[in-house]
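Structural overview for review
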Amino acid sequence: MQTLNFQQLLRYQDQLIDGTLHTLLLTLIAAVIGTAIGVAGAAAVRGGPRPVRWAIRGYVELIRNTPSLIQLFVVFFVLPGFGLRMGAFEAAAIALGLYFGAYCTEIVRAGLDAIPGSQVEAGQCLGLTPWQVFRHVVLPPALRSVYPAFTSQFVLLLLGTSLASQISAEELFHTGGFIETRTYRSFEVYAVICGIYFALVMTFKLLFAAVGRLAFRWPVRR
C-alpha cells in the first residue's frame with residue numbers, strides 16, 4: 001500500500017500559486033462580463049422592445065438548459081470556424097461570462113420585479129428621467145435583495161472554472177493534472193487542490209458577508 005507523501009508537492013508550490021491566481025483572474029473576468037450582461041439583460045427584459053426581450057429570454061433559456069462544458073467547447077472549438085480565434089484562457093473567460101450572465105440576468109430581473117410600482121411612480125413624480133429612476137430608485141434596492149443569490153452564483157462560477165482545464169486553460173485544476181502526471185501522487189495532489197478551492201470559497205463567503213453588512217447594513221448573526 002502506497003504511503004502518503006506530500007513532500008513531493010513542495011517543489012511545485014510556484015505552479016500551484018500561479019494556478020490559483022489564474023483561477024481567481026478567470027473568475028473575476030467572467031464575473032465582470034456576466035454582471036454587465038445580467039444588468040443590461042434584466043433591464044432589457046423589463047423595458048426593452050419585444051424583439052430584444054425575446055432575444056434575451058432565448059439566450060437565458062439556451063444557456064441555463066445546456067451543459068456549460070458544451071458552451072465552453074462551442075466557444076473554443078466552433079467559433080474559430082467562423083473566424084473568431086482566441087486562446088484557451090480567453091475562450092474560457094467568455095464562455096463562463098456568458099454562463100454567469102444568463103443566471104445573473106434572471107437574478108437581477110427577479111430583484112427588479114420585486115420593486116413596487118409605487119416606488120417607480122414616486123421617482124417619476126420627482127421629475128427623474130427613466131434612466132435616473134432605474135439608476136437611483138430601482139437598481140439599489142433590487143441589488144440589495146438579490147445580493148445573496150448573486151454571491152452564491154459567484155461561488156458556483158469560481159468552482160466552475162475547473163471546466164476550463166478541458167481546453168487546457170492554465171488554471172488550478174489544470175495545474176493539478178500537470179503535477180499529478182509528474183509525481184503520480186493522485187490523492188495528495190487532488191487533496192491539496194480541493195483544499196485550495198475550499199479555502200478560496202470560504203474566503204469569498206466571509207468577504208461577501210462583510211461587504212453585505214457594510215453596504216446594506218445587515219445585522220450580524222449571532
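Residues numbered from 1 in each chain as written. Predicted model: local features only at pLDDT ≥ 70, side-chain atom pairs only at ≥ 80, totals over all residues. Heavy atoms only, no water.

Re the pattern of salt bridges
- Counted according to the given criterion, the structure contains four salt bridges.
- In this structure, Glu106 engages Arg64 in a salt bridge whose closest nitrogen and oxygen atoms are separated by 3.6 Å. Pair noted here: Glu106 is in helix α4 (residues 88–113) and Arg64 is in helix α2 (residues 50–64), with a separation of 42 residues, a long-range link.
- As a salt-bridge pair, Glu188 and Arg185 come within 3.3 Å of each other at their nearest N and O atoms. (Salt bridge = Lys/Arg side-chain N within 4 Å of Asp/Glu carboxyl O. Helix = DSSP H or I, 4+ residues; strand = E, 2+ residues; numbered from the N terminus.)

A closer look at the nonpolar core
- Within the largest apolar cluster, 55 residues are counted, with the highest numbers of intra-cluster contacts made by Leu26, Ala92, Leu112, Val138, Leu157 and Ile167.
- Every element with two or more residues in this core is listed here: α1 (13–47), α2, α3 (68–78), α4, α6 (130–160), α7 (172–183) and α8 (186–216).
- Among the elements that take part in this core, α4 stands out by supplying 13 residues, more than any other.
- Not counting residues up to four positions away in its chain, the partners in contact with Ala92 are Leu26, Leu72, Ala164, Ile167 and Ala169. (Core = buried A, V, L, I, M, F, W, Y, C linked by side-chain atoms within 4.5 Å. Buried < 20%, exposed > 50% of the residue type's maximum accessible area, 1.4 Å probe, protein only. Contact = heavy atoms within 4.5 Å.)

Some points on a nonpolar patch on the surface
- Together, Ile70, Phe73, Val74, Phe77, Val78 and Phe82 line one region of the surface with nonpolar side chains, adding up to about 580 Å² of accessible area.
- Judged by its relative accessible area of 39%, Val78 is partly exposed. (Patch = residues over 30% accessible without salt bridge, like charges linked within 9 Å, V, L, I, M, F, W, Y side chains within 5 Å. Areas by Shrake-Rupley, 256 points an atom, 1.4 Å probe, with all protein chains shown as cover.)

Concerning the packing of aromatic side chains
- One pass over the full model with this rule turns up nine aromatic pairs.
- Between Phe76 and Phe77, the ring centres sit 4.9 Å apart and the planes meet at 75 degrees, which makes this aromatic pair edge-to-face.
- Ring centres 5.8 Å apart and planes at 35 degrees place the aromatic pair Phe173 and Tyr190 in the tilted group. Taken as a pair, Phe173 in helix α7 and Tyr190 in helix α8 lie far apart in primary sequence, 17 residues in all.
- Here a set of aromatic residues connected by ring pairs shows up, and it is made of Tyr147, Phe154, Phe204 and Phe208. (Phe/Tyr/Trp six-rings, centres within 6.5 Å; stacked < 30°, edge-to-face > 60°.)

Notes on the UniProt feature "domain: ABC transmembrane type-1" (unreviewed entry) in the protein
- UniProt tags residues 20–208 as "domain: ABC transmembrane type-1" (unreviewed entry).
- Across residues 20–208, the secondary structure splits into 82% helix and 0% strand, with the terminal C-alpha atoms separated by 19 Å. (UniProt positions renumbered as here; feature names shortened; annotations may be inferred.)

Description of empty space enclosed by the protein
- Inspection of the entire model under this criterion finds one cavity of 30 Å³ or more.
- Approximately 40 Å³ is the volume found for the largest cavity.
- Lining the largest cavity are Leu9, Tyr12, Leu16, Ile179, Val189 and Val192.
- Counted by class, the lining of the largest cavity contains six nonpolar, no polar and no charged residues. (1 Å grid on protein atoms, 1.4 Å probe; cavity = no way out; pocket = protein on both sides within 12 Å on 5 of 7 lines; lining within 4 Å. Points joined across faces, edges and corners; volume = space filled by probe spheres on them. Nonpolar A, V, L, I, M, F, W, Y, C, P; charged D, E, K, R; others polar.)

Some words on the environment of Thr203
- Among the structural elements, Thr203 can be located in helix α8.
- When its relative accessible area of 51% is taken as the criterion, Thr203 is described as exposed.
- As for Thr203 and Glu106, which are separated by 97 residues in sequence, their C-alpha atoms are 26 Å apart.

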